[in-house]
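Summary of the model geometry
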Amino acid sequence: MAKKQFKAESKRLLDLMINSIYTNKEIFLREIISNASDAIDKLCYISLTDDKVGLDRADYRIRITVDKDARTITVSDNGIGMSQEEAEKNLGVIAKSGSFKFKNDMSAEEAEKDDISIIGQFGVGFYSAFMVSDKVTVITKKYGEEKGVKWESTGADGYTVTECDKYKPGTDVIMHIKEDTEEEIYGSFLEIWKLKALVKKYSDYVRWPIVMDITRQEQQPTGEEDADGKPIMHTVNVTSPETVNSMVPIWQRAKTEVTDEECVEWYKETNRDQTDPAAVLRINAEGVVSYKAMLFIPGKDIDNAISGATKKGVKLYCNGVLIMEDCDKLLHDYFEFARGVVDSPDLSLNISREILQHNRQLKVIGQNLEKKIKAELEKMMRDDRPKYETFWKNFGIHIKCGVCDEYGRYTDFLKDLLIFYTSEESMRSLKEYVDTMPESQKAIYYASADTVKHAMALPQCEEVRSRGYEILYLDHPIDETVLMQLRNYEGKGFVNVLTEDLGFQTEEEKKAAEEKVVENKEVLDFIRDSIGDEKLKQVTLSSKLVSSACCLTSTGGFTLEMEKYFRNVPSEEMRKLRADRVLELNAEHPACLAIKKAYDDGDKDKAATLSKILYAQSELIAGVEIEDPTAYADLVCSLF
Ligand code: ADP
């Protein structure tokens, strides 16, 4: 029988597919099953108006059978089938499939370069059978026709079509599986357990039953009895047809039908997470783009390799058929902790990571979902603060990074999700901070250190607190960047209590303070010189201190916080970087008065010792390393 040739472009793509080194060959089953399911949809639709179809909804099924000896997998459906003309048209022209259309949209050069990856990324429909088969036979009979059609191909060299007998309408796709090679054990696709697993993975929610013969071991009586008269049992293999897919996905079922608890169980099972999720979102959207989604905010950070947790991102389905396991383009990184599924009939199976970024429907879905996630988090923040704080501990860093990302593009969207530990001894949002500000307060104050405890203990905070003003205690290197990105909140600027003018002093007070510094210039210079640290640029008097003797601040762009941060970087050069320091003294404090007295009394040694001790203490309080701890300890001991 003469072989008919595939169209030129089909031949080329087919060649590539057969010879591609593509690793995800297993998707062939999904593609063949999806076609079968579509064919059943079509016949089922016809049956609504045509009694002659003679099938009830419950009669439709997709059957997978395996013949290990013949090395074949057969996927049969009792759907609409194909006429000879349709078989030739649909199976002989690869250009019909969405993947090729996309390919045509690219330049020839691009297409050449990306050939392999296109095949890798797309659902390529029927032709994917050739990734695992060296021969594919399709026996089909179109509903309403007398005769069946046998289409057969061994790949790129063409195909044959002949008439054949087939009793009922529908299609059998018989795939003759390739011989094993060193790289690929094609024979593994002939294992029932493997096929069952693939159905579960990709086609679990196909609307029609996918039936396979499953063999189980059963205990059955042998017909004989033991000495006590009890029947003797033996193990036998019993094979019976089983529906292996669960058909209706949990997210497709009505909210009234499935409880939140059931969704939680489903989440735990599919994500291998023992912890209850912090929130469950069930969305049924109809509009420009229709979709159903079920999203979860995990109760703990499951994103680590050790836990064996599932991949990042959201699973993408189109009518119950998995099209992407880890769609990380749907949500921005700031919400990448969300897990779950999105199912939209408006998406195409032929979707790749590359075109996803430009997919309009997906963009709309992503934006809607982000609004819902944000609303859910705001609700949690309002109604269940301890839960929100746990969420924040787990995933707050994503939100903070989101605020700083892309030059602040998402700052506005995310700013009300931020919470900080504050001098009110709780985690507070900026809105709460601003709403409870006394009228006299003009700015939002913050202090950063490596821990909240250290930030709280910073002497500079005293005066702010004593005025009844709240302070945000920042304890993460990114926190200051977050505030810098925000610039202000509801018109209130952010003021660093460590380095900036707090704006508390009147002009007169400022002048008096400056005069006091001038008056004491000699002793202040003496203190600086006797400390002898080239990085200590200035010793001055401070009005910020209430009960503490001293504090250390920095001058110039490189701050003490940055210095601390760089202590832990790999580069040795960076680790040595030190901020330019300013030692601020509380002139009224006994320690400072003691230095002044020793200096005035002419006991310069004592004044120098006390100065060095005070300086080391200011470094300790600021949380920066003291250069020589032993020398410091010796100095303190010399006082006894
Ligand atoms: P796509 O499904 O993206 O259109 P395919 O290459 O998978 O591309 O299939 C091409 C066409 O062949 C289908 O659109 C359908 O018309 C026909 N077809 C494939 N499998 C079957 C089947 N089991 N029953 C009826 N028609 C089928």
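Rules used throughout
- Residues numbered from 1 in each chain as written.
- Predicted model: local features only at pLDDT ≥ 70, side-chain atom pairs only at ≥ 80, totals over all residues.
- Heavy atoms only, no water.
- 1 Å grid on protein atoms, 1.4 Å probe; cavity = no way out; pocket = protein on both sides within 12 Å on 5 of 7 lines; lining within 4 Å.
- Points joined across faces, edges and corners; volume = space filled by probe spheres on them.
- Helix = DSSP H or I, 4+ residues; strand = E, 2+ residues; numbered from the N terminus.
- Pairing = 2+ DSSP bridges.
- Contact = heavy atoms within 4.5 Å.
- Axes fitted to C-alpha atoms, helices over the stretch in contact; angles between N-to-C directions.
- Buried < 20%, exposed > 50% of the residue type's maximum accessible area, 1.4 Å probe, protein only.
- Arc of directions from axis to C-beta.
- Expected span 1.5 Å × (residues − 1).
- Polar contact = N/O pair within 3.5 Å; in protein donor to acceptor, adjacent residues only side chain to side chain.
- Near = heavy atom within 4 Å.
- Areas by Shrake-Rupley, 256 points an atom, 1.4 Å probe, with all protein chains shown as cover.
- Nonpolar A, V, L, I, M, F, W, Y, C, P; charged D, E, K, R; others polar.
- Core = buried A, V, L, I, M, F, W, Y, C linked by side-chain atoms within 4.5 Å.
- Salt bridge = Lys/Arg side-chain N within 4 Å of Asp/Glu carboxyl O.
- Parallel < 35°, antiparallel > 145°, perpendicular 65-115°, else oblique.
- Left-handed = near helix turned anticlockwise from the far one by under 90°.
- Phe/Tyr/Trp six-rings, centres within 6.5 Å; stacked < 30°, edge-to-face > 60°.

A word on empty space enclosed by the protein. Overall, the coordinates contain 2 cavities of 30 Å³ or more when judged by the stated rule. The computed volume of the largest cavity comes to approximately 150 Å³. Forming the walls of the largest cavity are 20 residues, and the residues nearest its centre are Ser448, Leu498, Leu552, Leu560 and Glu561. Looking at the lining of the largest cavity, the elements with two or more residues in it are strand 21 (550-555), helix 18 (560-566) and helix 21 (604-622). Per-element accounting of the lining of the largest cavity gives the leading share, 4 residues, to strand 21.

What follows concerns the sheet that holds strand 16 (residues 444-448). One open sheet accounts for 6 strands, arranged 15-14-17-16-19-18; its pairing is mixed. Edge strands, defined here as strands with exactly one partner in the open sheet, are strand 15 (427-429) and strand 18 (488-489). Bridge analysis of strand 16 against strand 17 (residues 471-474) gives 4 bridges, and the strand direction is parallel. When the sheet's bridge partners are listed, Ala447 is paired in strand 17 with Tyr473. In the packing of helix 15 (residues 479-486) onto the sheet, contacts are made with strand 14 (419-422), strand 16, strand 17, strand 18 and strand 19 (492-496), and the angle to strand 17 comes to roughly 130°.

Taken residue by residue, helix 17 (residues 521-531) has Val523, Leu524, Phe526, Ile527, Ser530 and Ile531 as its buried positions. Taken around the axis of helix 17, the buried residues stretch over an arc of 155°, which confines them to a single face. In this structure, helix 17 carries Glu522 and Asp529 as exposed residues pointing more than 90 degrees from its buried face. Taken together, the buried residues of helix 17 touch helix 16 (507-519), strand 20 (536-541), strand 22 (580-585), helix 20 (590-600) and helix 21. Positioned one or two residues after helix 17, Gly532 has a phi angle of 65°, which is positive.

With that settled, the discussion passes to the sheet that holds strand 21. As summarised here, the arrangement of the 3 strands in space is 20-22-21, forming an open sheet in which the pairing is mixed. Each of the sheet's edge strands pairs with one partner strand only, and the pair in question is strand 20 and strand 21. Averaged over all pairs of adjacent strands, the angle between their axes in this sheet comes to 25°, without regard to strand direction. Alignment of strand 21 against strand 22, held across 6 bridges, turns out to be antiparallel. From the neighbouring strand, Cys550 faces strand 22, where its bridge partner is Leu585. The sheet contacts of helix 17 involve strand 20 and strand 22, and relative to strand 20 the element is tilted by about 145°.

Attention now moves to helix 2 (residues 27-47). Between the first and last C-alpha of helix 2 there are 30 Å, a value that for 21 residues agrees with the 30 Å anticipated at 1.5 Å per step. By the criterion of burial, helix 2 is predominantly enclosed, with 15 of the 21 residues buried.

Let us now look at the side chain of Asn586. Summarising the element assignment, Asn586 is placed in the loop between strand 22 and helix 20. We classify Asn586 as buried; its relative accessible area is 6%. Polar contacts involving the side chain of Asn586 include one to the main-chain carbonyl oxygen of Ser548, which spans 2.9 Å. Contacts of Asn586, omitting those with residues within four sequence positions, involve Leu545, Val546, Ser548, Ala549 and Cys592.

This part takes up the site of the ligand. Every residue lining the ligand is accounted for by Asn35, Ala36, Ala39, Asp77, Met82, Asn90, Leu91, Gly125, Phe126 and Thr171. Separating an oxygen atom of the ligand from a side-chain N or O atom of Asn35 is a distance of 2.8 Å. Asn90 is positioned with one of its side-chain polar atoms (N or O) 3.1 Å from an oxygen atom of the ligand. About the coverage of the ligand: the protein hides 80% of its 530 Å² of free accessible area. Of all the secondary structure elements, the ones that give two or more residues to the shell around the ligand are helix 2 and helix 3 (84-92). Its residues assigned to classes, the shell around the ligand shows 5 nonpolar, 4 polar and 1 charged.

Turning our eyes to something else, we now look at the environment of Asp204. Along the chain, the position of Asp204 falls in the loop between helix 6 (192-203) and strand 7 (210-225). For Asp204, a relative accessible area of 8% puts it in the buried group. Sequence separation of Asp204 and Val321 is 117 residues, and the distance between their C-alpha atoms is 7.6 Å. Residues contacting Asp204, with those up to four places away along its chain left out, are Val199, Val244, Asn245, Ser246 and Met247. A distance of 2.7 Å separates the side chain of Asp204 from the side chain of Ser246, its partner in a polar contact.

Once that is clear, we can look at the pairing of strand 11 (residues 314-318). Burial runs high along strand 11: 4 of the 5 residues are buried. With 4 bridges joining them, strand 11 and strand 12 (residues 321-327) adopt antiparallel strand pairing. Residue Val314 lies in a different strand from strand 12, and its bridge partner there is Cys327. Pairing between strand 11 and strand 13 (residues 339-343): 4 bridges, direction parallel. Residue Lys315 lies in a different strand from strand 13, and its bridge partner there is Val341.

Moving on to the nonpolar core. With 76 residues, the main nonpolar core has Leu330, Phe335, Leu369, Leu377, Phe391, Tyr445 and Leu472 as its most contacted residues. Ignoring anything within four residues of it in the chain, the contact list for Leu330 reads Val314, Leu316, Val342, Leu362, Ile365, Gly366, Leu369 and Glu370.

What follows is about the pattern of salt bridges. On inspection of all chains with the given rule, the structure shows 44 salt bridges. In this structure, Arg282 engages Asp260 in a salt bridge whose closest nitrogen and oxygen atoms are separated by 3.0 Å. With a gap of 22 residues between them, Arg282 in strand 9 (residues 279-285) and Asp260 in helix 7 (residues 260-271) connect regions that are remote in the sequence. A residue is classified by how much of its surface remains accessible, and Asp260, at 39% relative accessible area, is partly exposed. A salt bridge links Glu406 to Arg409, with the shortest nitrogen-to-oxygen separation between them at 3.0 Å. A relative accessible area of 41% places Glu406 in the partly exposed class. Connected via shared salt-bridge partners are Asp533, Glu563, Arg567, Arg578, Arg581, Glu619, Glu625 and Glu627.

Quick look at the packing of helix 20 against helix 21 now. Relative orientation of the contacting elements helix 20 and helix 21 amounts to 155°, with a least axis distance of 7 Å. As summarised for this structure, helix 20 and helix 21 are arranged roughly antiparallel, according to the angle between their axes. You can see that helix 20 and helix 21 cross each other, and the crossing is left-handed. In this structure, helix 20 contributes Ala591, Cys592, Ala594, Ile595, Ala598 and Tyr599 to the contact, and helix 21 contributes Lys604, Lys606, Ala607, Leu610, Ser611 and Leu614. Residue composition of the contact of helix 20 with helix 21, grouped by class: 9 nonpolar, 1 polar and 2 charged.

On to the packing of aromatic side chains. Under the definition given, this model contains 27 aromatic pairs. Centroid distance Tyr127 to Phe130: 6.4 Å. Interplanar angle 35°. Geometry classified as tilted. Comparing Tyr127 with Phe130, the two get one shared label, buried. Here Phe337 and Phe395 contribute two aromatic rings whose centre-to-centre distance is 4.7 Å and whose plane-to-plane angle is 25°, an arrangement assigned as stacked. Here the residue Phe337 occupies a position in the loop between strand 12 and strand 13, and Phe395 occupies one in helix 10 (residues 385-404), the gap between them amounting to 58 residues. Residue class for Phe395 comes out buried when judged on its relative accessible area of 2%.

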